[in-house]
Amino acid sequence: MAPPSWLIVRNSDVLIDVHAQPGAKRSAIVGEHGGRLKIAIASPPVDGKANSALIAFLAKTLSVSKSTIEIVNGETSRQKRFLIKQMTQSECLNKIFGAL
């Protein structure tokens, strides 16, 4: 089975393309949007708070430490790309689809 368009495998890491929706009532994965994984975040897009909340949410969802996640691009945009270090495609998909 081919991976979704928002998941890219790079060596022993994965990249996840995210469409962020800050200021939501609660943080949750809400599906796909424009070929990206759509994540609602219950934090305003002020002073990087939404980015920090997104990293914390991804870390909890994927059962990894926050230090293994970094924003590769899109820090000030809703369209972001995250690098998750030392995670396989199947591990990532199992955790994400388990959270839906």
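Higher on the page you've got the structure.
These remarks concern the structure in this document. Note that the coordinates shown come from a computational prediction; the quantities given were computed from them, not determined experimentally.

Definitions and limits used
Every chain is numbered independently, its residues counted from 1 as its sequence is written. The predicted nature of this model means local features are confined to residues of pLDDT at least 70 and side-chain atom pairs, given and counted, to a pLDDT of 80 or more, with totals for whole chains, interfaces and linings taken over all residues. Side-chain calculation: all heavy atoms of the structure are included, whereas hydrogens and water are not. In short, DSSP must find at least two bridges between two strands for them to pair. Working definition: helices are DSSP H or I runs of at least four residues, strands are E runs of at least two. Numbering for both runs from the N terminus. Type-normalised accessible area, obtained with a 1.4 Å probe on protein chains alone, sets the label of each residue: buried when under 20%, exposed when over 50%, and partly exposed for intermediate values. A pair of aromatic rings is counted whenever rings of Phe, Tyr or Trp (Trp by its six-membered ring) have centres within 6.5 Å, and the orientation is called stacked for planes under 30 degrees apart, edge-to-face for over 60 and tilted otherwise. Starting at the helix axis, one direction is taken to each C-beta atom, and the arc is that of these directions. Contacts were defined at the residue level, with two residues in contact if any of their heavy atoms lie within 4.5 Å.

**With respect to the pairing of strand S4 (residues 36-41)**
- Sheet analysis places strand S2 (residues 13-22) next to S4, joined by five bridges and oriented parallel. Directly across from Pro22, in S4, lies its bridge partner Ile41.
- Pairing geometry for strand S3 (residues 28-33) and S4, over five bridges, is antiparallel. The partner of Ile29 across the bridge, within S4, is Ile39.
- Connecting S3 to the next strand, S4, in antiparallel fashion are two residues, including Gly34 with a positive phi near 60 degrees.

**Quick notes on the pairing of S2**
- Among the ten residues in S2, eight count as buried, and that is most of the element.
- Across four bridges, strand S1 (residues 7-10) lies against S2 in antiparallel orientation. Its bridge partner being in S2, Val9 is matched across the sheet by Val14.
- Where S1 folds back on S2, the antiparallel hairpin that results is connected by two residues, among which Asn11 adopts a positive phi of roughly 55 degrees.
- When S2 meets strand S6 (residues 79-84), the two strands line up antiparallel, connected through six bridges. Directly across from Asp17, in S6, lies its bridge partner Arg81.

**Some details on the packing of aromatic side chains**
- Counted according to the given criterion, the structure contains one aromatic pair.
- When the centroid spacing of 6.4 Å and the interplanar angle of 70 degrees are considered together, the rings of Trp6 and Phe97 count as edge-to-face. Taken together, the positions of Trp6 in the segment before S1 and Phe97 in helix H2 (residues 89-99) put the pair 91 residues apart, joining distant regions of the chain.

**Thoughts on H2**
- Residues Cys92, Leu93 and Ile96 constitute the buried set of H2. All buried residues of H2 lie within an arc of 95 degrees about the axis, which places them on one face of the element. Exposed residues lying more than 90 degrees from the buried face of H2 are Asn94 and Gly98.
- In this structure, the buried residues of H2 make contact with S1, S2, S3, S4 and helix H1 (49-62).

**A short note on the environment of Asn73**
- One can find Asn73 in strand S5 (residues 69-73).
- Distance in space between the C-alpha atoms of Asn73 and Leu7 is 15 Å, their sequence separation being 66 residues.
- Apart from residues lying up to four places away in sequence, Asn73 is in contact with Gln79, Lys80 and Arg81.

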